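# Structural features, examined
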Amino acid sequence: VIVSVVRPLRSLLRNSHQLREGDLAVEPAKPSGPNDIRLLTQTFNEMVVTLRAFDSQVQRLARGEAVIERPLPGPLGETMRESVSHLAEVTQRLHHSEAAAVIQARTDSLTGLANRASVLEHLSTMGANARERGEAGAIVYLDLDGFKNVNDTQGHGAGDRILRQIGTRLRN
């Protein structure tokens, strides 16, 4: 009788030490011995399965996958769901902020037109493409003669309104 109790407990002890060290490759213990020991062994094996599911989800998160395939049990599972939800929300906000920053860095805030850096980059790309294809190209340059006079006589607000209207007309 003692052997039927001690042997399965030793197996569980070895497995629990392996688990404590973070090794989830624990072989399922074979339920044997008295009923309580068999139940303890089954519960331990189920716990290992649950820990593997948590480990799998954490690995997916580490790879950037912010989706829980199947709900994980208990308070730890709820914490995982909340963490994934928060991570997805923060990531989405980051992507929106990043897109807005790119637009802001390449666009004149007053007219909504491409700024100097963006135009120069676009011209460089267009020139390279035209050379590659052996095509001719043209550039139209628009200069607002005397615009300083508008700002000096009518104020910067009036000058800004005119620039916005020019930007609208050029975009359309």
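The notes below deal with the structure included here. (Residues numbered from 1 in each chain as written. Predicted model: local features only at pLDDT ≥ 70, side-chain atom pairs only at ≥ 80, totals over all residues. Heavy atoms only, no water.)

Turning to the pattern of salt bridges, a few remarks are in order. Counted according to the given criterion, the structure contains 6 salt bridges. Arginine 20 is the salt-bridge partner of glutamate 21, the closest N and O atoms lying 3.5 Å from each other. Between lysine 148 and aspartate 152 there is a salt bridge whose closest N-O contact spans 2.7 Å. Of the two residues, lysine 148 and aspartate 152 both sit in helix α5 (residues 147–154), 4 residues apart, roughly one turn of that helix. (Salt bridge = Lys/Arg side-chain N within 4 Å of Asp/Glu carboxyl O. Helix = DSSP H or I, 4+ residues; strand = E, 2+ residues; numbered from the N terminus.)

Turning next to a nonpolar patch on the surface. On the surface, Val119, Leu120, Leu123, Met126 and Ile139 cluster together into a nonpolar patch covering about 450 Å² of accessible area. With respect to the helices and strands, leucine 123 occurs in helix α4 (residues 116–133). (Patch = residues over 30% accessible without salt bridge, like charges linked within 9 Å, V, L, I, M, F, W, Y side chains within 5 Å. Areas by Shrake-Rupley, 256 points an atom, 1.4 Å probe, with all protein chains shown as cover.)

Glancing now at the packing of helix α2 (residues 35–62) against helix α3 (residues 74–106). With their axes 12 Å apart at the nearest point, α2 and α3 run at an angle of 10° to one another. In terms of their interaxial angle, α2 and α3 are classed as roughly parallel. Seen from α2, the contacting residues are Phe54, Gln57, Val58 and Leu61; seen from α3, they are Leu76, Gly77, Met80, Val84 and Leu87. Class assignment for the residues of the contact of α2 with α3 results in 7 nonpolar, 2 polar and no charged. (Axes fitted to C-alpha atoms, helices over the stretch in contact; angles between N-to-C directions. Parallel < 35°, antiparallel > 145°, perpendicular 65-115°, else oblique. Contact = heavy atoms within 4.5 Å. Nonpolar A, V, L, I, M, F, W, Y, C, P; charged D, E, K, R; others polar.)

On the secondary structure map, aspartate 160 appears in helix α6 (residues 156–171). As a C-alpha pair, aspartate 160 and arginine 116 span 44 residues in sequence and 18 Å in three-dimensional space.

Here arginine 133 shows up in helix α4. Along the chain, arginine 133 and histidine 86 lie 47 residues apart, while their C-alpha atoms are 49 Å from each other.

Packing of helix α1 (residues 2–20) against α2 brings their axes to within 10 Å, and their N-to-C directions diverge by 15°. As judged from the angle between their axes, α1 and α2 are roughly parallel. The two elements α1 and α2 cross, and the hand of that crossing is left-handed. Residues Val5, Pro8, Leu9, Leu12, Asn15, Ser16 and Leu19 of α1 touch α2, and the partners they reach there are Ile37, Leu40, Thr41, Phe44, Met47, Val48 and Leu51. For the contact of α1 with α2, the class distribution of residues is 11 nonpolar, 3 polar and no charged. (Left-handed = near helix turned anticlockwise from the far one by under 90°.)

Attention now moves to α3. With 33 residues, α3 should cover 48 Å at 1.5 Å per step; its first-to-last C-alpha distance of 48 Å lies within 8% of that length. Close packing links the buried residues of α3 with α2. (Expected span 1.5 Å × (residues − 1).)

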